[in-house]
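# Coordinate inspection notes
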Amino acid sequence: MKRPLAEPNVTEQGPRRQIIFLVLPDVQLLDLAGPIQVFDTAARLFRAPYTLRFCAASAEVRSAQQLYLARLEPLPEIDRKNIVFVPGTGTSPAQSRGLLAEPTKRWLQESYQAGTQIASICSGTAVLGAAGLLDRRRCTTHWEFVAELQSCYPMARVLDDVLYVQDQGIITSAGVTSGIDMALWLLEQDSGARMTAEVARQLLVYLRRNGLERQVSVYLEYRAHMNPCIHKVQDWLVEHVGEPTSLAELASVGQTSERSLARAFKAATGITPYRYHQLLRLEVAAQLVYASTLPFETIAMKSGFSDARQFRRAWRERFGVSPTLSRQRGNDTRLYKD
């Protein structure tokens, strides 16, 4: 199916965006609750512009754990600014074909055609297959269902070694806790890295990124410590990632001495402040490498490198290949060496 380009990402100052959860019969509670918690935390604690809605073909649904969910809304009007989540169910991919009433199937298809992002968790991927949304597309599901999903939908390219993957506006995840990882990734694309880091810290989880190897966002990878001074310095570096800085300036931010900061930062994170700043710059550069066609000279400037040569050298050291080859391969082959 062809679709229009998606709307620009909303920001904290932008219009409210609806996060719609399609609650199917026999829904798995963790598949449903994990992404809900991510976006609810962003909305409640950090005033992110999200409204959560819980929709189904009927007002009451029984979960796979025998808990009844009631007062569910009917399917809403289609809006390309929405994000639709399809949590997994306690059924196999073959059985999932019977879960979609025809109106729900059409609603999913028309939502996608309108430009709505659609994300599935675990066996929810099979629901998207039943709606015809997996053809010629990379996708994933829980390892237990990979072979069956591929058999049911032979035109899909089912990956068995990723936590989640995005392809042409369809985002699918391996399920269970990876639904949280996927929701955090979507939040980062929509509302930025700083908010995502704060939400993840509230939930006590790490952000995982899609790829042929398990990937961890640098915004969260070095946050598993309780030192408020180092968190403050890290926050400042995130906000000033493209600017030159010095250890003296960072010590001033942390209200400590240069020597104490260097020692405490290494103890808390395992790396130096300089290395952390460089990894942040590479993360910004990676977003531009994969999501734009900007020349590498421009990417180097926007991400804070002195020139394209320094950027290319740092990129090869981090990812093992050149930025040119990385862009050609696409973001499914990002390799994090650290």
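Right, let's walk through the structure included here.

## What about the overall build of the chain?
When helices and strands are tallied, the chain shows 15 helices and 12 strands. The buried share among the 338 residues of the chain stands at 53%. Long-range pairs, those at least 24 residues apart, make up 65% of the contacts in the chain between residues at least 6 apart in sequence. Summed over all atoms, the accessible surface of the chain reaches about 15,300 Å², with 51% contributed by carbon and sulfur.

## Structural notes on the pattern of salt bridges
Under the criterion given, the structure shown has seven salt bridges. One salt bridge connects Arg138 with Asp167, and the closest N-O pair in it is separated by 3.3 Å. One end of the pair, Arg138, is in strand S7 (residues 138–140); the other, Asp167, is in strand S9 (residues 164–167), with 29 residues separating them in the sequence. Comparing Arg138 with Asp167, the two get one shared label, buried.

## What about the packing of helix H9 (residues 228–239) against helix H11 (residues 258–269)?
With their axes 10 Å apart at the nearest point, H9 and H11 run at an angle of 90° to one another. Between H9 and H11, the angle is such that the two are roughly perpendicular. Contacts between H9 and H11 involve Ile230, Val233 and Gln234 from the former and Leu261, Ala264, Phe265, Ala268 and Thr269 from the latter. Taken together, the residues of the contact of H9 with H11 break down into six nonpolar, two polar and no charged.

## Considering the nonpolar core
Within the largest apolar cluster, 36 residues are counted, with the highest numbers of intra-cluster contacts made by Phe39, Tyr50 and Phe85. Mapped by element, the contributors of at least two residues to this core are strand S1 (17–22), helix H1 (29–46), strand S2 (50–55), strand S5 (83–86), strand S6 (117–121), helix H6 (178–191) and helix H7 (193–203). No other element matches the seven residues that H6 contributes to this core. Ignoring any residue separated from it by four or fewer positions in sequence, one finds Tyr50 in contact with Arg16, Arg17, Ile19, Phe39, Ala42, Ala43, Leu187, Asp190 and Ser191. Grouped together as the second largest cluster of nonpolar side chains are 33 residues, Tyr219, Ile271, Leu280 and Ala285 included.

## Considering H6
With 14 residues, H6 should reach 20 Å at 1.5 Å per residue; the first-to-last C-alpha distance of 20 Å fits that figure. Of all the 14 residues making up H6, 13 are buried; the element is thus mostly covered by neighbouring parts of the structure. Remark: Gly192 follows H6 within two positions and exhibits a positive phi of approximately 100°.

## Observations concerning the pairing of S2
When S1 meets S2, the two strands line up parallel, connected through six bridges. Bridging across to S2, Leu22 finds its partner in Cys55. Between the parallel elements S1 and S2, the chain passes through H1 in a crossover that is right-handed.

## Overview of the pairing of S6
Counting buried positions along S6 gives five out of five residues, so the element sits mostly inside the fold. Along S6, one buried face is formed by Gln117, Ala119 and Ile121 and the opposite face, lined by Ile118 and Ser120, is buried too. Where S5 and S6 come together, four bridges link them in parallel fashion. Following the sheet pairing, Ile83 is matched in S6 by Gln117. In terms of strand pairing, S6 meets strand S10 (residues 170–173) through four bridges, oriented parallel. Bridge pairing in S10 links Ile121 to Ser173.

## Details of the packing of aromatic side chains
All chains considered together, the criterion is met by 11 aromatic pairs. The interplanar angle of 85° and the centroid separation of 5.2 Å between the aromatic rings of Phe39 and Tyr50 together place this pair among those described as edge-to-face. One end of the pair, Phe39, is in helix H1; the other, Tyr50, is in strand S2, and 11 residues separate them in sequence. Note on accessibility: Phe39 and Tyr50 belong to one class, buried. Their ring planes at 45° and their centres at 6.1 Å tell us that Phe296 and Phe311 sit as a pair that is tilted. One end of the pair, Phe296, is in helix H13 (residues 296–302); the other, Phe311, is in helix H14 (residues 308–319), with 15 residues separating them in the sequence. This pair shows no difference in class: Phe296 is buried, exactly as Phe311 is.

## Re helix H10 (residues 247–254)
Every buried residue of H10 is listed here: Leu250, Ala251, Val253 and Gly254. All buried residues of H10 fall inside an arc of 155° around its axis, so they share one side.

## What about the sheet that holds S1?
Strand pairing in a sheet is mediated by backbone hydrogen bonds. Such pairs are either parallel or antiparallel. Pairing within the open sheet is mixed, and its six strands lie in the order S2-S1-S5-S6-S10-S9. Looking along the sheet, the strands with just one partner apiece sit at the ends: S2 and S9. The sheet shows a mean angle of 15° between the axes of neighbouring strands, direction not considered. Bridge analysis of S9 against S10 gives four bridges, and the strand direction is antiparallel. Bridging from a neighbouring strand, Gln166 pairs with Ile171 of S10. On top of the sheet, H1 reaches S1, S2, S5 and S6; it is set at about 155° to S2, its chief contact. Where H6 meets the sheet, it contacts S1, S2, S5, S6, S9 and S10, and its direction lies at approximately 150° from that of S10.

Thresholds, definitions, all that
Here the residue numbering is sequential within each chain, running from 1 through the sequence in written order. Given that the model is predicted, a residue must reach a pLDDT of at least 70 before its local features are reported, and side-chain atom pairs must reach 80 or more before they are shown or counted; all residues, however, enter totals for whole chains, interfaces and linings. Remark: hydrogens and water are excluded; side-chain values derive from all non-hydrogen atoms of the structure. Only runs of H or I of at least four residues qualify as helices and only runs of E of at least two qualify as strands under DSSP, and these elements are numbered from the N terminus. Only protein chains enter the calculation, and the probe is 1.4 Å; a residue is then buried if its accessible area is under 20% of its type maximum, exposed if over 50%, and partly exposed in between. Whether two residues are in contact is decided by their heavy atoms, any of which lying within 4.5 Å being enough. In these tables, accessible area is a Shrake-Rupley quantity obtained with a 1.4 Å probe, and a residue counts as shielded only by the protein chains included in the view. We define a salt bridge as a contact between a side-chain nitrogen of Lys or Arg and a carboxyl oxygen of Asp or Glu at a distance within 4 Å. To get an axis, a line is fitted to the C-alpha atoms, and for a helix only the part in contact is used. The angle between two axes follows their N-to-C directions and goes from 0 to 180 degrees. The cut-offs work like this: below 35 degrees is roughly parallel, past 145 is roughly antiparallel, 65 to 115 is roughly perpendicular, and the gaps in between are oblique. Each residue is assigned to one class: nonpolar for Ala, Val, Leu, Ile, Met, Phe, Trp, Tyr, Cys and Pro, charged for Asp, Glu, Lys and Arg, and polar for all the others, Gly among them. We call a set of buried Ala, Val, Leu, Ile, Met, Phe, Trp, Tyr and Cys residues a nonpolar core when their side-chain atoms join them within 4.5 Å. Expected span of a helix: the number of residues minus one, times 1.5 Å. A pair of strands counts as paired when DSSP detects no fewer than two bridges linking them. We call a crossover right-handed when, viewed with both strands directed away from the observer, the connection leading from the first strand over the helix to the second proceeds clockwise. Aromatic contacts are taken between Phe, Tyr and Trp rings whose centres are within 6.5 Å, Trp giving its six-membered ring; a plane angle under 30 degrees counts as stacked, one over 60 as edge-to-face, and the others as tilted. What the arc describes is the spread of directions from the helix axis to the C-beta atoms.

Honestly, it's all geometry; don't read function into it.
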